[in-house]
Amino acid sequence: MTALTQMRSEDIVNISLSCNHSCFAYCYSFSLFKTDGKWFFSAKCSDPETHEQTEIDNCPVENEKAQNLLSLIEQSGLIDRLKNFCMPAENYMVCDMTTYSTGLRFADGTSVFARTGSDKLEQFFFALAKEYV
């Protein structure tokens, strides 16, 4: 796999999603990554209801959960959406503007990244974080 057109969800080894917001309670950073054939989860976020801060570092995740996320990525067409994302032109700068980023890294070292969020990934990661709190 060398060309961007050959990126497949089954070759993903790292999935990251983050949001920076002027209110810390709405910031989050999630990562699911594969090392030596095993999946691990890291997160820094606030509970959407209580705003209580949560940090999870390199917690092992069942392969089935990782496969569920990979299926979600495949079904939603996220790889193509990230490859084709074009940042809209901005004629102004807002210092405290909310920003999102989504990234995928593949087994061959290639990656795709865009300054956009993913509602489906966000829902998955927040649900996964709740399981580890």
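Keep in mind that this is a model prediction, so the values were computed, not measured. (Residues numbered from 1 in each chain as written. Predicted model: local features only at pLDDT ≥ 70, side-chain atom pairs only at ≥ 80, totals over all residues. Heavy atoms only, no water.)

Peer 1: How would you summarise the confidence of the model for the protein chain if you had to cite specific residues and measurements?
Peer 2: Mean pLDDT over the protein chain: 85, with 87% of residues reaching 70 or higher. In this model residues 1–5 is a low-confidence stretch, pLDDT under 50, and it forms 10 contacts with partners more than four residues away in sequence or in other chains. (pLDDT = per-residue confidence, 0-100. Contact = heavy atoms within 4.5 Å.)

Peer 1: Residues and numbers for the packing of helix H1 (residues 63–76) against helix H3 (residues 119–131), please.
Peer 2: At a closest axis distance of 10 Å, the pairing of H1 and H3 adopts a crossing angle of 170°. On the basis of their axis angle, the class for H1 and H3 is roughly antiparallel. Across the interface between the two elements, Lys65, Asn68, Leu69, Leu72, Ile73 and Ser76 of H1 pack against Lys120, Leu121, Phe124, Phe125, Leu128 and Glu131 of H3. For the contact of H1 with H3, the per-class residue count stands at seven nonpolar, two polar and three charged. (Axes fitted to C-alpha atoms, helices over the stretch in contact; angles between N-to-C directions. Helix = DSSP H or I, 4+ residues; strand = E, 2+ residues; numbered from the N terminus. Parallel < 35°, antiparallel > 145°, perpendicular 65-115°, else oblique. Nonpolar A, V, L, I, M, F, W, Y, C, P; charged D, E, K, R; others polar.)

Peer 1: Please provide a residue-by-residue account of the sheet that holds strand S4 (residues 53–61), values included.
Peer 2: Pairing is antiparallel in the open sheet, where six strands are placed in the order S4-S3-S2-S1-S5-S6. Edge strands, defined here as strands with exactly one partner in the open sheet, are S4 and strand S6 (111–114). Ignoring strand direction, the axes of neighbouring strands in this sheet form an average angle of 5°. Pairing analysis gives seven bridges linking strand S2 (residues 28–35) to strand S3 (residues 38–46), with the strands arranged antiparallel. Paired with Ser31 across the bridge in S3 is Ser42. The strands touched by H1 within the sheet are strand S1 (12–20), S2, S3, S4 and strand S5 (99–106), with S1 carrying the most contacts at an inclination of about 75°. (Pairing = 2+ DSSP bridges.)

Peer 1: Break down the pairing of S6 for me, with residues and values.
Peer 2: Residues of S6 alternate between two faces, with Val112 and Ala114 buried on one and Ser111 and Phe113 left unburied on the opposite face. As paired elements, S5 and S6 share four bridges and run antiparallel to each other. The residue bridging Thr102 from the neighbouring strand is Ala114, located in S6. Count of turn residues in the S5/S6 antiparallel hairpin: four residues, of which Gly109 carries a positive phi of about 95°. (Buried < 20%, exposed > 50% of the residue type's maximum accessible area, 1.4 Å probe, protein only.)

Peer 1: Kindly report on the packing of aromatic side chains, identifying the contributing residues and their values.
Peer 2: Within a pair of aromatic rings, the relevant descriptors are the distance that separates the centres and the angle that separates the planes. Inspection of the entire model under this criterion finds nine aromatic pairs. Plain terms: the ring middles of Tyr28 and Phe126 are 5.4 Å apart, the flat faces sit at 80° to each other, and that makes the pair edge-to-face. Of this pair, Tyr28 sits in strand S2 while Phe126 sits in helix H3, and the two are 98 residues apart along the sequence. Neither Tyr28 nor Phe126 differs from the other in exposure class; each is buried. Ring plane angle 10° and centroid distance 6.3 Å describe the contact between Phe30 and Phe41, whose orientation is recorded as stacked. Of the two residues, Phe30 sits in strand S2 while Phe41 sits in strand S3, which places them 11 residues apart along the sequence. The pair Phe30 / Phe41 is uniform in exposure class, with both members buried. (Phe/Tyr/Trp six-rings, centres within 6.5 Å; stacked < 30°, edge-to-face > 60°.)

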